[in-house]
Amino acid sequence: MASAITTLAADAPTLSAANTGFMLICSALVMLMTPGLAFFYGGMVRVKSSLNMLMMSFISLGIVTILWVLYGFSLAFGTDSGSLIGWNSDYVGLSGIGITELWDGYTIPVYVFAVFQLMFAVITPALISGALADRVKFSAWVLFTALWVTVVYFPVAHWVWGAGGWLFELGVIDFAGGTAVHINAGAAALGVILVIGKRVGFKKDPMRPHSLPLVMLGAGLLWFGWFGFNAGSWLGNDDGVGAVMFVNTQVATAAAMLAWLGYEKLRHGSFTTLGAASGAVAGLVAITPSGGAVSPLGAIAVGAIAGLLCAMAVGLKYKFGYDDSLDVVGVHLVGGVVGSLLVGLFATGGVQSDVAGLFYGGGLEQLGKQAIGVFSVLAYSLVASAILAFLLDKTIGMRVPEDDEVSGIDQVEHAETAYDFSGAGGGSSSRSTAPAPAAASKKVDA
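Because the structure is predicted, anything quoted here is derived from the model rather than measured.

**Quick look at the environment of Phe 77**
Topologically, Phe 77 is positioned in helix 3 (residues 50-77). Spatially, the C-alpha atoms of Phe 77 and Asp 410 are 38 Å apart, while their sequence positions differ by 333 residues. When near neighbours in sequence (up to four residues on either side) are disregarded, Phe 77 contacts Trp 68, Tyr 91, Trp 103, Phe 113, Gln 117, His 158, Trp 161 and Gly 162.

**Describing the environment of Leu 94**
Among the secondary structure elements, Leu 94 is positioned in the loop between strand 2 (85-87) and helix 4 (110-129). Judged by relative accessible area, Leu 94 falls into the buried class, the value being 15%. Sequence spacing of Leu 94 and Val 69 is 25 residues, and the spatial spacing of their C-alpha atoms is 6.0 Å. Setting aside anything within four residues of it in sequence, one finds Leu 94 in contact with Val 69, Phe 73 and Tyr 111.

**Brief notes about the pattern of salt bridges**
Under the counting rule described, the total for this entry stands at seven salt bridges. Its salt-bridge partner being Lys 317, residue Asp 327 comes within 2.9 Å of it at the nearest N-O pair. Of this pair, Asp 327 sits in the loop between helix 12 (316-320) and helix 13 (328-346) while Lys 317 sits in helix 12, placing them ten residues apart in sequence. Each member of the pair, Asp 327 as well as Lys 317, is classed as buried. The partner of Glu 405 in a salt bridge is Arg 399, with the nearest N and O atoms 2.7 Å apart. Taking the relative accessible area as the measure of exposure, Arg 399 reaches 22% and is therefore partly exposed.

Parameters and conventions
Residues numbered from 1 in each chain as written. Predicted model: local features only at pLDDT ≥ 70, side-chain atom pairs only at ≥ 80, totals over all residues. Heavy atoms only, no water. Helix = DSSP H or I, 4+ residues; strand = E, 2+ residues; numbered from the N terminus. Contact = heavy atoms within 4.5 Å. Buried < 20%, exposed > 50% of the residue type's maximum accessible area, 1.4 Å probe, protein only. Salt bridge = Lys/Arg side-chain N within 4 Å of Asp/Glu carboxyl O.

Below you can see the structure in the form of structure tokens.
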């Protein structure tokens, strides 16, 4: 008996400084994704609502952080109850956790796991905001965010990743958030926009991005931070799986960007910067659930398929008449569905687990499990989000008045504008205020 106890003690995980440091860096990278998303979305809207778009992402860093500490971590990763939700009183306020207490089965502290997962919780409601550009009261958005993470995100995270969660126990593969993050956010976006309606001038007025350089900057920050998002989700760096995920993240993103641009050239005749940025994000979304199950060649297929299908999907809003301002449904919902289902086709059985997809001799079983995960999260998030939006709209009101939307939501909601041109007229010398000579005036008028 003594020798058995000694063997068990020797096999028990011990704190790894390397893995702990790695995961803290990954957590910081994921945190950077939310400001990156703010720039990505902020550049895509018209100038009169760019600050509001930035704030709708940034505020998530405040709201979700506090709620996660108070009860979110406990609901998502506490002891399972009925396969639907978790709870652990030691996690409330993160008050009952020892500083060297390890996350079960891993070599990192519970605190590190908690802060890594916090960053996922932060960015998910921020993703939704892109569908609602130009027309939502900031106070209503703040309240929606708090309610949504409580009612939707925390339970779904438990289903997918929590020990005892019903999708986790079913065997649904979601390496880093195809269901819990992207399908969840995309379905929520669709649910909310069906309730609050279209922007003034939708399909009539031009609503072009005001700053494509900001869009490209945001996409670059997202791509950079996504390495922490994906590779870090293995919670360590001991067996090479995280390294495969890192490679697959790069490969799929590149393939998706090229596929989107190819479709764009054939369909519209141009290679656009917005298409490059959107294609890259589509690839990042699709490889998130699948990258730990596929080979690099499989990652090329996942990225290319996602880039093509997402590029096609963004135009559906004009056909069906739903105003998804910044293509959250077309990129995150569609990309998440594609990436999650393709696990059932391209999983090799030789990376994160021995589960093989259809193309590697595994039959249709895993594809069926993936479909259950995809459509259960989609349906729950869509319905619950629509109900929350409906209740808020009927009580405090979700939308700004039409006149405020037309004049600009930045000035109305934040008393600021993104760019101040008041000092752009020149220097302060007397020459700058003197009237122009008559000849010069005529030349200018001409």
